[in-house]
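# Breakdown of the fold
Given next are the chains, with one letter for each unit.
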Amino acid sequence: MPETLRTLDYSVLQQCMHCGMCLPTCPTYDATRLERNSPRGRISLMRAIADGQLDATRAFGEEMYFCLGCLACETACPAGVDYAHLFEVARSEAERSGALSAPRRSLLRTLLLRGLFMRPRLLRVVGRFLRLYQASGLQSLIRALRLTALLPENLRTLEPQTPQACAKFSHDLIRPIEEPPGTARWRVGMLTGCVQDIVLSGVNRDTVDVLLANSCAVVTPQVQFCCGSLHAHNGDLTSAIELAKRQIDAFDLSKLDAIITNAAGCGSHLKTYGRLLAGDPAYAARAAEWSRKLKDIHEWLVQIGWRRPEGAGAKIQATYHEACHLCHGQKITRQPREILHGIPGVELIELAESTWCCGSAGVYNITQPEMAAKLQKRKMDNIFATGAAVAVTANPGCHLQLANGAAKAGRKLEVVHPVTLLARAYRANRESGASGII
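Residues numbered from 1 in each chain as written. Predicted model: local features only at pLDDT ≥ 70, side-chain atom pairs only at ≥ 80, totals over all residues. Heavy atoms only, no water.

## With respect to the packing of aromatic side chains
So the rule is basically this: Only Phe, Tyr and Trp rings are paired, with Trp represented by its six-membered ring, and only when their centres lie within 6.5 Å; those with planes under 30 degrees apart are stacked, over 60 edge-to-face, the remainder tilted. In this description a helix means any DSSP run of H or I spanning at least four residues, a strand means any run of E spanning at least two, and both kinds are numbered starting from the N terminus. The buried label goes to any residue with under 20% of its type's maximum accessible area, the exposed label to any with over 50%, and the partly exposed label to all in between, with areas taken from a 1.4 Å probe on protein chains only.
Considering all chains together, one arrives at four aromatic pairs under this definition. Geometrically, the ring pair formed by tyrosine 83 and phenylalanine 87 is stacked, given 6.2 Å between the ring centres and 25 degrees between the ring planes. Here the residue tyrosine 83 and the residue phenylalanine 87 both occupy positions in helix H6 (residues 83-97), the gap between them amounting to four residues, near one helical turn. Residue tyrosine 83 is classed as buried on the basis of its relative accessible area, which comes to 2%. A relative accessible area of 5% places phenylalanine 87 in the buried class.

## Description of the sheet that holds strand S9 (residues 414-416)
Inclusion rule: When DSSP finds two or more bridges between a pair of strands, those strands are recorded as paired. Each axis is a line fitted through C-alpha atoms, and for a helix only the stretch in contact is used; angles between axes span 0 to 180 degrees, taken between their N-to-C directions.
Sheet architecture is open: four strands sit in the order S7-S6-S8-S9, paired in parallel fashion. Of all strands in the sheet, those bounded by a partner on one side alone are strand S7 (346-349) and S9. Each strand of the sheet is rotated relative to its neighbour by a mean of 35 degrees, with strand direction disregarded. Examined bridge by bridge, strand S8 (residues 390-392) and S9 share three bridges and lie parallel to one another. Residue pairing across strands places alanine 391 opposite valine 415, the latter belonging to S9.

## Details of helix H4 (residues 58-66)
Residue pairs spaced three or four apart in an α-helix point in one direction, given the helix's 3.6 residues per turn. Going by this rule: Contact definition: two residues touch when any of their heavy atoms are within 4.5 Å.
Within H4, the full set of buried residues consists of Phe60, Gly61, Glu63, Met64, Tyr65 and Phe66. On the buried face of H4, the contacting elements are helix H2 (27-32), helix H3 (39-50), H6, helix H7 (103-112), helix H22 (364-367) and helix H23 (369-386).

## Thoughts on the pairing of strand S3 (residues 216-219)
Residues Cys216 and Val218 line one face of S3 and the alternating positions Ala217 and Val219 line the opposite face, and both faces are buried. Bridge count between strand S1 (residues 177-178) and S3: two bridges; the pairing is antiparallel. In the sheet register, isoleucine 177 faces S3, and the bridge partner there is valine 219. Where strand S2 (residues 186-190) meets S3, four bridges bridge the pair, whose relative direction is parallel. Bridged to valine 188 within S3 is valine 218.

## Section: the pattern of salt bridges
The test is simple: Salt bridges, as used here, are contacts in which a Lys or Arg side-chain nitrogen is within 4 Å of a carboxyl oxygen on Asp or Glu.
The full count for this structure, using the stated rule, is 36 salt bridges. Residue lysine 331 is joined to glutamate 74 by a salt bridge in which the shortest nitrogen-to-oxygen separation is 4.0 Å. Placement of the pair is lysine 331 in the loop between helix H20 (324-327) and helix H21 (334-341) and glutamate 74 in helix H5 (residues 72-76), with a sequence separation of 257 residues. Taking relative accessible area as the criterion, lysine 331 reaches 45% and is therefore assigned partly exposed. The exposure class assigned to glutamate 74 is buried, which follows from its relative accessible area of 15%. In this structure, the salt-bridge partner of lysine 374 is glutamate 370, at a minimum N-O distance of 3.9 Å.

## Remarks on the pairing of S2
A large share of S2 lies buried, amounting to four of its five residues. Note: S2 against strand S4 (residues 258-261), three bridges, orientation parallel. Of the residues in S4, the one forming a bridge with glycine 189 is isoleucine 259.

## Some thoughts on the side chain of histidine 298
The residue histidine 298 is located in helix H19 (residues 297-304) in this model. For histidine 298, a relative accessible area of 0% gives the class buried. In contact with histidine 298, other than residues within four places in its own chain, are Leu326, Gln335, Pro336, Ile339, Ala394, His417 and Pro418.

## A look at the packing of H3 against H6
Our working definition: Should an angle fall under 35 degrees it is taken as roughly parallel, and over 145 as roughly antiparallel, whereas 65 to 115 is taken as roughly perpendicular and any remaining angle as oblique. For a crossing to be left-handed, the near helix must be turned anticlockwise from the far one by less than a right angle; the clockwise case is right-handed. Asp, Glu, Lys and Arg are counted as charged, while Ala, Val, Leu, Ile, Met, Phe, Trp, Tyr, Cys and Pro are counted as nonpolar; the rest, among them Gly, fall into the polar class.
In contact at an axis separation of 11 Å, H3 and H6 are set at 55 degrees when each is read in the N-to-C sense. Viewed along their axes, H3 and H6 adopt a mutual orientation that is oblique. Here H3 runs over H6; the crossing is left-handed. Where H3 abuts H6, its residues Pro39, Arg42, Ile43, Met46 and Ile49 lie against Tyr83, Leu86, Phe87, Ala90 and Glu93. Of the residues in the contact of H3 with H6, the class split is eight nonpolar, no polar and two charged.

## Quick look at the nonpolar core
Quick note on the threshold: The criterion is simple. A nonpolar core is a set of buried Ala, Val, Leu, Ile, Met, Phe, Trp, Tyr and Cys residues joined through side-chain atoms within 4.5 Å.
Grouped together as the largest cluster of nonpolar side chains are 66 residues, with contacts concentrated most on Val188, Leu211, Trp300, Ile343, Val392 and Leu422. Ranked by size, the runner-up nonpolar core spans 29 residues in total, among them Cys16, Ile49, Ala50 and Cys77.

## Things to note about unusual backbone geometry
Even without being a glycine, leucine 71 presents a positive backbone phi close to 70 degrees. The class for leucine 71 is buried, based on a relative accessible area of 4%. In this structure, lysine 331 takes a positive phi of about 60 degrees despite not being glycine.

Structure representation (structure tokens):
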């Protein structure tokens, strides 16, 4: 049974000392200067509900969804408040109470959260139709004829942000088991994600190539479920728990040294399976093992002593945007930079406010477009100020947000994942005849 604010371990709520160290790091508080829009203010609301002094009203629910969930407050907090846990339980409380219920909203949540994103094969079918719509030229024709003007205002605003579906998805590009040249030193499972599988499957192929180049045998189940972060962050903890079980069942953990993720938002949630399933006797032990073995790709490469590519490499000026759930959620900041600095030809230009949220935040740019747009512009201004031709980030939502931000500004900018640059360097080594490469 998912937790509520009144059944939650009260000591988690008591951790907050109301010191205010979180305030300068919170994008929504920075924008409004309103206490209720700060982590400290939101925790006070949560505690009032836990104490029975307040009901989960519409205002409470709207405030919880105004929060980006970027977790910058966790990095700043001297008391170690587990805001990620509180945030999920609070949104679940808002949904359980029905305070935000509306027919259209309920229908969308049922179709998307409990329909599309619970069924990976259906998601791929939708992805195929999106690809056909785009590749056939129909999308371009509809835009040229300005037929998008017939859409409701909110959809009309979102339509230009429609991501490009890939011609091939992850299962088309990656075999179920791939062995490295020579002897495999490690055997790892590869997570392909849901959105990333459809719109950034090349990143998954690059990740497998990088793992192979570092002596890892790679096991990739051909049908994988959503990790459940989308559900947990939108108040549907019941579905998140179900998806965690399905994901664990897809891998034989006893035969794997690690489970690899390359998506920051997914990874941050995937590492919580041990807590999420701690009360389930059938899954608790495996979930704890899962959390121990779940590794972000950068974290894993540095842990095993990754092999640096040889040669001079093509000259690239790049800047690195730190995905919130990588730097704040997983506390991984050093490893991606180590990898980028180790790729021949890459000149890394430090980005001002590199850890400040870009406004994507899962589906925040859909549910809170005005605030998301402000954060997007702030991020893009900082990126453009570096003069870099390449923006590097390790989360699909951030990737799309930065690409859309560049397009909106009419600026040319390549957005890539760190492993894509590393995979390119390994391939350049292979083409030049260097030894020990993929």
